[in-house]
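# Working through the structure, step by step
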Amino acid sequence: MPELPEVEALALDLRRRLDGRAITAIHVPQFAALKTYQPPVSALAGTLVDDVTRHGKFLDIEASGLHLVLHLARAGWVRWRDEVPLVPPKPSQKSTLAVRVVLDDLPGIGQSGLDITEAGTKKSLAMYVVQDPLEVPGIATLGPDPLAADFTPEVLRGILAGQGKKQLKGVLRHQGTVAGIGNAYSDEILWQARMSPFKPADSLTDEDLQVLYDAIRTMLGDAVERSRGLAASELKGEKKSNLAVHNQAGKPCRRCGATVREVSFADSSLQYCPTCQTGGKPLADRRLSRLLK
């Protein structure tokens, strides 16, 4: 799933590519991806792209006062095309294409555009056409951005205090608590902070709080810097090659050499280093484990 660093890098890449370009058409072969009806998708035809930004894990293409907002969900991606077919795409259960954005012709380049795709059978990718990003429910309820200047240790302290006994892993992933962190980077942040994913949010000491805050800023900030300037096609590989524990179950921890372990849930899993994070004790199951530190 694309998280804050990848969506930030996508926004930077697309801002460079789309600056001043006109949108000539939007095709939505996966119609279920479209979550709004007013303004209509056709209202984007003829608009000029003014900016591309990010809200948490939402991508926002602003064009002549309208916003084309995308949430890529678990298996969505944005693919740049130097040339797009002249014939509009048809709906197909076999195709991964959800949305196509067609741009104006450029001399020597031709008609380029974006393909927004979604792999797999579970379709969760969402597209919104709005006049204000806050009209998108998921954006309106976002927590603070962890890389924003006003995200301070005191802000984090207030967030954790308000979450009571909830486990750190879930607190970091909840978009209404902190925006942009998902399953992968929550694993990475907690590994960096040497904290159990099951540690209660309200149990952190002042020292723990600073360690967690530094881990959030460092892990996300470093990932953004590594991704800066990369094309969309390079971002997935960059992310995978720098993960310390996420999706690394069975491999040695790059810090201590212990075997990275996994806890599985119905629709996701987490990975951690027992030596670095849980005092050498494996977490067999979230519901059964009494290990809190």
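This text goes with the structure placed above it.
Residues numbered from 1 in each chain as written. Predicted model: local features only at pLDDT ≥ 70, side-chain atom pairs only at ≥ 80, totals over all residues. Heavy atoms only, no water.

## A short note on the packing of aromatic side chains
What the rule picks out here adds up to 1 aromatic pair. Aromatic side chains Phe151 and Tyr213 sit 5.9 Å apart centroid to centroid with 15° between the ring planes, which places their arrangement in the stacked category. Linking Phe151 in the loop between helix H2 (137-140) and helix H3 (153-162) with Tyr213 in helix H6 (residues 206-227), this pair joins segments that are 62 residues apart in sequence. Exposure remark for Phe151: the relative accessible area of 0% places this residue in the buried category. Over the face of the ring belonging to Trp191 we find Arg255, whose NZ or CZ atom lies 3.9 Å from the ring centre. (Phe/Tyr/Trp six-rings, centres within 6.5 Å; stacked < 30°, edge-to-face > 60°. Helix = DSSP H or I, 4+ residues; strand = E, 2+ residues; numbered from the N terminus. Buried < 20%, exposed > 50% of the residue type's maximum accessible area, 1.4 Å probe, protein only. Lys NZ or Arg CZ within 6 Å of the ring centre and 35° of its normal.)

## Quick word on unusual backbone geometry
Residue Pro39 is bonded to the preceding Gln38 through a cis peptide linkage, with omega at 0°. Mapping Pro39 onto the fold places it in the loop between strand S1 (23-27) and strand S2 (49-55). Notably, Arg194 is not glycine yet its phi reads approximately 60°, a positive angle. Position of Arg194 among the secondary structure elements: in the loop between helix H5 (183-193) and H6. When its relative accessible area of 47% is taken as the criterion, Arg194 is described as partly exposed. For Asn247, which is not glycine, the phi torsion reads 60° and is therefore positive. The class of Asn247 is exposed, set by a relative accessible area of 54%.

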